[in-house]
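Structure assessment
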Amino acid sequence: MECVFGLVGNGFAIVAADTSAVHSILVHKNNEDKIMLLDSHKLIAASGEPGDRVQFTEYVQKNVSLYQFRNGIPLTTAAAANFTRGELATALRKNPYSVNILMAGYDKEAGASLYYIDYIATLHKVDKGAFGYGSYFSLSTMDRHFRSDMSVEEAIELVDKCIIEIRSRLVIAPPNFVIKIVDKDGARTHAWRQSVQDVTTASV
């Protein structure tokens, strides 16, 4: 029931993900951040089995940091995506990870980019992409309204349209979403779209 989607606009990339931590019929929390900061100008949004998702994204993050520490220069977004794809392909023949990834980044030469990497190590550079049941609605909405020259405000409006469609049409829709953006100024959290707050139970 996870929903992860993203798009590339004019000089920036945006990714959004639901924030529900779910197991079977139980919702454990509604503020799980599934979009990790790889470095100052890269984001990795993941969906899949919670253990695989957390372990693999942390593994990629630490290896990207290690490369920069050893060589003094950061990996480009394309290089980080190819490294991620290679690790998934290696694991596929041993102990596969059940994780799907959207990687967004900004490079001085190449500008903003978005990479689609699925659990069987398929890698594509895309203008827009999505994973999970929410992709049935977000992809069709983006197909209708997406333009490559969108401004940040227009892209956020489109992301909100996707969230509204998911909430209104998916039978077990996640209530909360986090939206992050990466551009020449770096990667950062743009907003949380919350319809349900986590409630702490008072101790007896």
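Residues numbered from 1 in each chain as written. Predicted model: local features only at pLDDT ≥ 70, side-chain atom pairs only at ≥ 80, totals over all residues. Heavy atoms only, no water.

Within an unreviewed UniProt entry, the label attached to the chain reads Proteasome subunit beta, and the organism entered is Brassica rapa subsp. trilocularis. Check the Function (unreviewed entry) section of the UniProt entry for the chain; it says "Component of the proteasome, a multicatalytic proteinase complex which is characterized by its ability to cleave peptides with Arg, Phe, Tyr, Leu, and Glu adjacent to the leaving group at neutral or slightly basic pH. The proteasome has an ATP-dependent proteolytic activity." (UniProt positions renumbered as here; feature names shortened; annotations may be inferred.)

Brief notes about the pairing of strand β6 (residues 42-48)
The buried fraction of β6 is high, at 6 of 7 residues. Where strand β5 (residues 35-39) meets β6, 4 bridges bridge the pair, whose relative direction is antiparallel. Of the residues in β6, the one forming a bridge with Leu-37 is Leu-43. Once β5 ends, the chain turns through 2 residues before running back antiparallel as β6. As defined by bridge partners, β6 adjoins strand β7 (residues 99-107) across 7 bridges and the pair is classed as antiparallel. Paired with Gly-48 across the strands is Val-99, a residue of β7. (Buried < 20%, exposed > 50% of the residue type's maximum accessible area, 1.4 Å probe, protein only. Helix = DSSP H or I, 4+ residues; strand = E, 2+ residues; numbered from the N terminus. Pairing = 2+ DSSP bridges.)

Side note on the sheet that holds strand β10 (residues 128-132)
Each strand in a sheet pairs with another by means of backbone hydrogen bonds, the pair being arranged parallel or else antiparallel. Taken together, 5 strands build an open sheet; the order of strands is β10-β1-β2-β11-β12 and the sheet is antiparallel. Only two strands of the sheet have a single neighbouring strand rather than two, namely β10 and β12 (186-193). Adjacent strand axes in the sheet meet at a mean angle of 15°, parallel and antiparallel pairs treated alike. Pairing analysis gives 7 bridges linking strand β2 (residues 12-18) to strand β11 (residues 177-183), with the strands arranged antiparallel. Residue pairing for β11: Phe-12 is matched across the bridge by Asp-183. This element, helix α3 (residues 135-145), spans β1 (3-8) and β10 of the sheet and lies at about 165° to β10. (Axes fitted to C-alpha atoms, helices over the stretch in contact; angles between N-to-C directions. Contact = heavy atoms within 4.5 Å.)

Observations regarding the pattern of salt bridges
According to the stated counting rule, one finds 14 salt bridges in the structure shown. Notably, a salt bridge pairs Lys-34 with Glu-2, separated by 2.9 Å at the nearest N-O pair. Placement of Lys-34 in the loop between β4 (26-29) and β5 and of Glu-2 in the segment before β1 is noted, with a sequence separation of 32 residues between them. Taking the relative accessible area as the measure of exposure, Glu-2 reaches 18% and is therefore buried. Arg-169 is the partner of Glu-165 in a salt bridge, and the nearest nitrogen-oxygen pair spans 2.5 Å. A residue pair is termed a helical-turn pair when its members lie 3 or 4 positions apart in one helix, as Glu-165 and Arg-169 do in helix α4 (residues 152-169) at 4 residues. With relative accessibility at 23%, the residue Glu-165 sits in the partly exposed group. When its relative accessible area of 57% is taken as the criterion, Arg-169 is described as exposed. (Salt bridge = Lys/Arg side-chain N within 4 Å of Asp/Glu carboxyl O.)

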